[in-house]
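The primary structure of each chain is shown beneath.
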Amino acid sequence: MKNLIEIGNELFINTYARHPAVMVEGKGCRLKDAKGNEYLDFVAGIATCSLGHCHPVVTEAICRQAGKLLHVSNLYHTMPQIELAGMLVDHSFADKVFMANSGAEANEAAIKLARKHGGTGCFEIISLEGSFHGRTLATVAATGQRKFHIGYEPLPVGFYHAPFGDLEAMEKLITNKTCAILVEPLQGEGGVRPLEKEYLQGIRTLCDKHSILLILDEIQVGMGRTGTLFAHEQYGIRPDILTCAKALGNGMPIGAMLTTNKVANSFKPGDHASTFGGNPVACAAAVAVLKTMTSDGFLEGVKTKGEHLHKCLKSIADQYNRLCRGVRGRGLIQGLVLDDSIADKGAEIISTLFKAGILVTLAGGKVIRCTPPLTVSIEEIDAMASVLEEVISNL
Ligand SMILES: *Cc1c(COP(=O)(O)O)cnc(C)c1O
């Protein structure tokens, strides 16, 4: 008889290299599979289940809303959507919100808005090498990694990529057709690479100098991940457009594009839309997430625990300095950078950790990325680090 994993592998188009587990249950930082194996989850659905699995406040909000109203489309207003938009505006630079269902869709909305704002002939967007912005054709074109482009050309035109960390090279790419610069304050998929403070401030200055928009993709690092609700708050700058998704709904599919009144005015009724965008149940979940994250002490806790995680990884990196290059990240997104000599061992390390009940991801090919739920405990961080150290020591 075939097992569930074999059945799954026969049924699905082969786009994912999945670990051999059927996950059935989660609570906090713990996951359980169909065989009863338990896992300590330092992936959290890729920085998505930031309040942990099945947080009672989120589950309650979903159940309550599901019993009331599931969907009406954006032909009408709904209570949860208005409440969520109000909270996003209250806690950010933004005046206006557009609701989507995913990160890529939030970025698509941002790209379309920037092009509308730029006007006819002003459509070019500059992003960074090593970036990741999504899997739709436009967001793939914005993504600064060749491996995501192969096989899909011709891609939408007008996307240019500046080398990471080089302001001068970026300015050379700006033309009178440029409408926006799009960057992540910290590159997640690209290998947990934070932008230096002066660098992102310099990008803001370039945008002001050339009257173009700054779009921040905070899909992975927004929503408390770095210790502030949005990562750019630590840079002393404001974007013109910001996209968030992943942790916004703690696992319910939702994305949002935030912007100022001035920029928002470029969209008129009919210019953009989404059937499911701002779905009442997803919005109810997101309201519960925002209330929890903005409650007293929550973000302080993320900072403290982030420093602890950094310290634990740093101690491994120092002890095995022939195998590890160092540690980088902000708050509770931290990456252990493998030395080039063992960079090809990344997938094997992740798989060994998986067998030992520890879930982490590989980012940028050679970075062991930790994105635990923000509700993770110091003990859980220590438990993960001790298994990771053992795996590294056996290399
Ligand atoms: C995950 C991610 C996206 C894409 O989000 P989806 O919800 O998978 O479409 C875009 N940008 C960044 C920075 C991401 O981490």
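Computed from a predicted structure; not experimentally measured.

K.L.:
Sorry if this is basic, but what is going on with the layout of surface pockets here?
P.N.:
Put simply, the second largest pocket is a space of about 830 Å³. Forming the boundary of the second largest pocket are 28 residues, of which Asn74, Gln81, Val97, Phe98 and Met99 lie nearest the centre. Here the lining of the second largest pocket is composed, by residue class, of 13 nonpolar, 11 polar and 4 charged.

K.L.:
So what exactly am I meant to see when it comes to empty space enclosed by the protein here?
P.N.:
Space left empty within the atom packing is revealed by a probe, the size of a water molecule, rolled over the atoms. This structure, assessed with the given rule, holds 2 cavities of 30 Å³ or more. Volume-wise, the largest cavity comes out at about 50 Å³. Taken together, the residues of the lining of the largest cavity sort by class into 3 nonpolar, 9 polar and no charged. Classifying every residue of the lining of the second largest cavity by side-chain character gives 4 nonpolar, 2 polar and 1 charged.

K.L.:
I tried to follow the packing of helix H4 (residues 79–90) against helix H10 (residues 280–293) on my own but got confused; where do I start?
P.N.:
Packed helix pairs are specified by the crossing angle of their axes together with the interaxial distance, meaning the distance between the axes. Remark: H4 packs on H10, axes separated minimally by 8 Å, with the N-to-C direction vectors making an angle of 35 degrees. The handedness of the crossing between H4 and H10 is left-handed. On H10, the residues that touch Pro80, Gln81, Glu83, Leu84, Met87 and Leu88 of H4 are Pro280, Cys283, Ala284, Ala286, Val287, Leu290 and Lys291. When its residues are assigned to classes, the contact of H4 with H10 shows 10 nonpolar, 1 polar and 2 charged.

About the cut-offs
Residues numbered from 1 in each chain as written. Predicted model: local features only at pLDDT ≥ 70, side-chain atom pairs only at ≥ 80, totals over all residues. Heavy atoms only, no water. 1 Å grid on protein atoms, 1.4 Å probe; cavity = no way out; pocket = protein on both sides within 12 Å on 5 of 7 lines; lining within 4 Å. Points joined across faces, edges and corners; volume = space filled by probe spheres on them. Nonpolar A, V, L, I, M, F, W, Y, C, P; charged D, E, K, R; others polar. Axes fitted to C-alpha atoms, helices over the stretch in contact; angles between N-to-C directions. Helix = DSSP H or I, 4+ residues; strand = E, 2+ residues; numbered from the N terminus. Left-handed = near helix turned anticlockwise from the far one by under 90°. Contact = heavy atoms within 4.5 Å.

Geometric values such as these leave the question of function open.
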